[in-house]
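# Analysis of the macromolecular model
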Amino acid sequence: MAKVHVKAGDLVEVLSGDDRGKRGKILEVMPKKARVIVDGINIQKKHTRPTQTNPQGGVVESAGPIDASNVGLVCPSCRKPSRLGRDRSADGDVVRVCKRCNKAID
Ligand SMILES: [Zn+2]
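One structure accompanies this document, and this report is about it. For every chain, the first residue of its written sequence is number 1, and the numbers climb from 1 along that sequence. Restriction of local features to residues with pLDDT of at least 70 applies here, the model being predicted, together with a cutoff of 80 or more for giving and counting side-chain atom pairs; totals for whole chains, interfaces and linings are based on all residues. Side-chain calculation: all heavy atoms of the structure are included, whereas hydrogens and water are not.

## Description of the nonpolar core
- Think of a nonpolar core as a cluster: buried Ala, Val, Leu, Ile, Met, Phe, Trp, Tyr and Cys residues, connected wherever their side-chain atoms sit within 4.5 Å. Only protein chains enter the accessibility calculation, which uses a 1.4 Å probe; a residue whose area is less than 20% of its type maximum is buried, one above 50% is exposed, and one in between is partly exposed. Counting 16 residues, the largest nonpolar core has Val6, Val12, Val36, Val38, Ile66 and Val71 as its most contacted members.
- Contacts are residue-level and defined by heavy atoms, with any inter-residue pair within 4.5 Å sufficient. With near-sequence residues (within four places) excluded, Val71 lies in contact with His5, Val6, Val12, Glu13, Val14, Leu15, Val36, Val38 and Ile66.

As C-alpha cells, then:
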C-alpha cells in the first residue's frame, strides 16, 4: 500500500497542477488511493437538484482529491514546503522532522 506522508490537519502546498503554489489544510487522506483532499484545492462544481436538505439546488463547490505526491508539507517553523525525515522524540515516539530546519513537525 502506498504510504501517504501527510495527515489530516496538515498545512500543505500544492507542488504541481493547476493549483500549484496554493496552500491549504488537508481535510481528508485516502491512503489506499494515495490521494488527499485539501481545503480550497481542486475545486469541483457539482450541479445538484433541489432536495429537502438543499431546497435551492444549484451549484455546490467542494474540494476534490489530488495525488498525495503533488503536495508538500509546509513546515510550521520555516514556513516552506519541506522534505521530511523521521526521528524519535525524547519519549520514544516517531516524529516527522523538517529536513530544511531540522525541527520536529508533530
Ligand atoms: Zn522547517
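After that view, the rundown keeps rolling.
## Looking at the pattern of salt bridges
- When a carboxyl oxygen of Asp or Glu is within 4 Å of a side-chain nitrogen of Lys or Arg, the pair counts as a salt bridge. Tallied over the entire structure, the rule returns 4 salt bridges.
- Measuring nitrogen to oxygen at the nearest pair gives 2.6 Å for the salt bridge that ties Glu13 to Arg23. With Glu13 in strand β1 (residues 11-14) and Arg23 in strand β2 (residues 23-30), the pair connects residues that are 10 residues apart, well separated along the chain.
- Assessed through its relative accessible area of 16%, Glu13 is described here as buried.
- Residue Lys45 pairs with Glu61 through a salt bridge whose shortest N-O separation is 3.7 Å. With Lys45 in strand β4 (residues 43-48) and Glu61 in strand β5 (residues 58-63), the pair connects residues that are 16 residues apart, well separated along the chain. Glu61 carries the same exposure label as Lys45, and that label is exposed. Numbering of helices and strands runs from the N terminus, with a helix taken as a DSSP run of H or I at least four residues long and a strand as a DSSP run of E at least two residues long.

## Description of the coordination of the zinc ion
- For the zinc ion, every protein donor is listed as Cys75 (SG), Cys78 (SG), Cys98 (SG) and Cys101 (SG), and the spread of their distances is 2.2 to 2.3 Å.
- Considering all 4 donor atoms around the zinc ion, the spread of angles at the metal, 105 to 120°, places the coordination shape in the tetrahedral class.
- Each donor residue of the zinc ion lies on the same chain, and together they follow the pattern C-x2-C-x19-C-x2-C. Of this pair, Cys78 sits in the loop between β7 (71-73) and β8 (84-88) while Cys98 is found in strand β9 (residues 94-98), placing the two residues 20 residues apart along the sequence.
- The exposure class of Cys98 is buried, given its relative accessible area of 0%. For Na, K and Ca the donor cut-off is 3.2 Å, and for all other metals it is 2.8 Å, counting N, O and S atoms only; because water is absent from this set, sites may look incomplete. Labels for metal geometry use angle windows, namely 85 to 135 degrees for all angles of a four-donor tetrahedral site, and for square planar (four donors) or octahedral (six donors) sites opposite donors over 155 degrees apart plus all others within 65 to 115; sites meeting none of these are irregular.

## A short note on unusual backbone geometry
- The backbone of Ala34 shows a phi angle near 55°, a positive value even though the residue is not glycine.
- Mapped onto the elements, Ala34 comes out in the loop between β2 and β3 (35-38).
- Judged by its relative accessible area of 17%, Ala34 is buried.

## Considerations on the environment of Gly24
- Relative to the assigned elements, Gly24 resides in strand β2.
- It is 9.3 Å that separates the C-alpha atoms of Gly24 and Gly9, two residues lying 15 residues apart in sequence.
- Excluding anything up to four places from it in sequence, Gly24 contacts Asp10, Leu11, Val12, Val38 and Asp39.

## Quick notes on the environment of Leu73
- With respect to the helices and strands, the residue Leu73 is situated in strand β7.
- For the pair Leu73 and Val14, spaced 59 residues apart in the sequence, the C-alpha separation amounts to 9.0 Å.
- Discounting chain neighbours no more than four positions away, the residues touching Leu73 are Val6, Asp10, Leu11, Val12, Lys80, Pro81, Ser82, Leu84, Arg96 and Ile105.

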